[in-house]
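Letter by letter, the chains look like this.
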Amino acid sequence: MTLAATASGAPAAAMWHSSVPQLQHIIIIVQENRSFDSYFGTYPGANGIPMHNGKPTICNPDPNTGKCIASYLDFHDINYGGPHDPPSFRTDLDGGKMDGFITAAKGYPFPDKVMAYHDGTQLTNYWAYAQQYVLQDEMFAPTNAYSLPEHLFLVSNWSAYCSFPNNPSTCTSSFVPGQPLTGTYGWTDITWLLHAAHVPWKYYVFGGQSGDVINPGEDDGIHGIYVKQDAKIGSQWNPLPAFSDVGQDGQLNDIVPGKSFYKDAAAGTLPAVSWVIPDAIYSEHPPNSVKTGMQYVTGLVNAAMSSPDWHSTAIFITWDEWGGFFDHVAPPTVDWAGYGFRVPGLVISPWAQHNVVDHQTLSFDAYNKLIEDLFLGSQRLDPTTDGRPDPRPDVRENYPPLGDLLNDFDFSQRPRPPMMLPNAIIHP
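Report on the accompanying structure. Everything numeric here is computed off the predicted structure, so don't read it as measured data.

With four of its five residues buried, strand E12 (residues 201–205) lies for the most part within the structure. Where E12 lies against strand E15 (residues 255–257), three bridges are found, and the strand directions are parallel. Counterpart to Tyr 204 in the pairing with E15 is Val 256.

A full pass over the atoms with the stated rule returns 32 aromatic pairs. Between the aromatic rings of Phe 261 and Tyr 262, the centroid separation amounts to 6.3 Å while the plane-to-plane angle is 80 degrees, which identifies the pairing as edge-to-face. Its relative accessible area of 13% is what places Tyr 262 among the buried residues. Taken together, Tyr 204, Phe 206, Phe 261, Tyr 262, Tyr 282 and Tyr 296 form an aromatic cluster joined through their ring pairs. One residue, Arg 388, lies across the ring of Trp 192, its end atom 5.5 Å from the ring centre.

A large share of strand E16 (residues 273–277) lies buried, amounting to five of its five residues. Neither face of E16 is open: one carries Val 273, Trp 275 and Ile 277, the other Ser 274 and Val 276, and all of them are buried. In this structure, strand E1 (residues 25–31) lies alongside E16, joined through four bridges in parallel fashion. Across the sheet, the residue bridging to Ile 26 is Val 273, located in E16. Pairing of E12 with E16, which is carried by five bridges, proceeds in the parallel orientation. In the sheet register, Tyr 204 faces E16, and the bridge partner there is Val 276.

What counts and how
Residues numbered from 1 in each chain as written. Predicted model: local features only at pLDDT ≥ 70, side-chain atom pairs only at ≥ 80, totals over all residues. Heavy atoms only, no water. Buried < 20%, exposed > 50% of the residue type's maximum accessible area, 1.4 Å probe, protein only. Helix = DSSP H or I, 4+ residues; strand = E, 2+ residues; numbered from the N terminus. Pairing = 2+ DSSP bridges. Phe/Tyr/Trp six-rings, centres within 6.5 Å; stacked < 30°, edge-to-face > 60°. Lys NZ or Arg CZ within 6 Å of the ring centre and 35° of its normal.

By themselves these figures say nothing about function.
What follows is the structure, encoded as structure tokens:
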């Protein structure tokens, strides 16, 4: 939907109502398997890898050699991470000492690679976004698990197993929710609230190879037979087709092929809420190319910046979980599921603050909190009020230390023009 800008630069009224007129379009771009320290550990002003005279001051012991391996700069575009599941998380965490990352990866071909990091000479566009807009250095993955629970929390703030999929009351907390088949997930996701409020959304999924593997437990980026990813097929990175409420609402058609994002952006028909999911090649999931993933994200950002919707848009870029890569910050414990380790977070908007590092405690719950505050009158995914009760143990958006994403914006400034970056890839 095209919005005409007012003399002040603020957009005119939309068909749906936002509590902040300058923000009518929220775009959440989710990449894969990178910790904060592995991408922004040396970014100026961020809570990065502890250094003295330019050298890391902490290390992780290597059980195979007896040496303690410090973080080191890796100039390779292809890297290997480590295991990323709850047992590996506990090993990595080591009671808060954050020194078990190599130990957890000891069965991998290159366990020391989990200590590697990149900097602005390699991540040129990501660092340029941080320098021009907002970098979040306390963005924690919502769980201490693997991709599927992270993507479930992204859209619902919960991961559960439902003994009777169409009955939310039969769902119990679980990192093993079952295969994402149609109607498998019975608890409530945020699209239920958006539909009830007539707020349009789309979940853009690029077809190709999924993050799912035929043999669970082999999803380490090295082994495993991967399965097809498609907008109409439930998968680890595309769980919405499996939510029973999406089918009940008749909104399965709002899960769409990723390439339509470019068309919607160009036409000025982006919905209020968009999620954008890559296929494996463009995901940065090891061993896929960091450079290719960054160029794909740049193509998405350039498309949004070229859109008639740009003046009322906020783009959030994050990575679903740590991928086994080292991070030096122990996450806070919120509930049974997490938080997980830090992942990078970027905010891009004509209204975003300039060259700011946001130190607020954040997680994917903050995305849903923002969506709810903007478009739903602060209605939460709360079983006591959302009209579709499920037995989730808490309301994640109400966790007191959770920050407010609106703090990343300055609505008194003149909206800044687009910053189109080179070397962009249009995902086929």
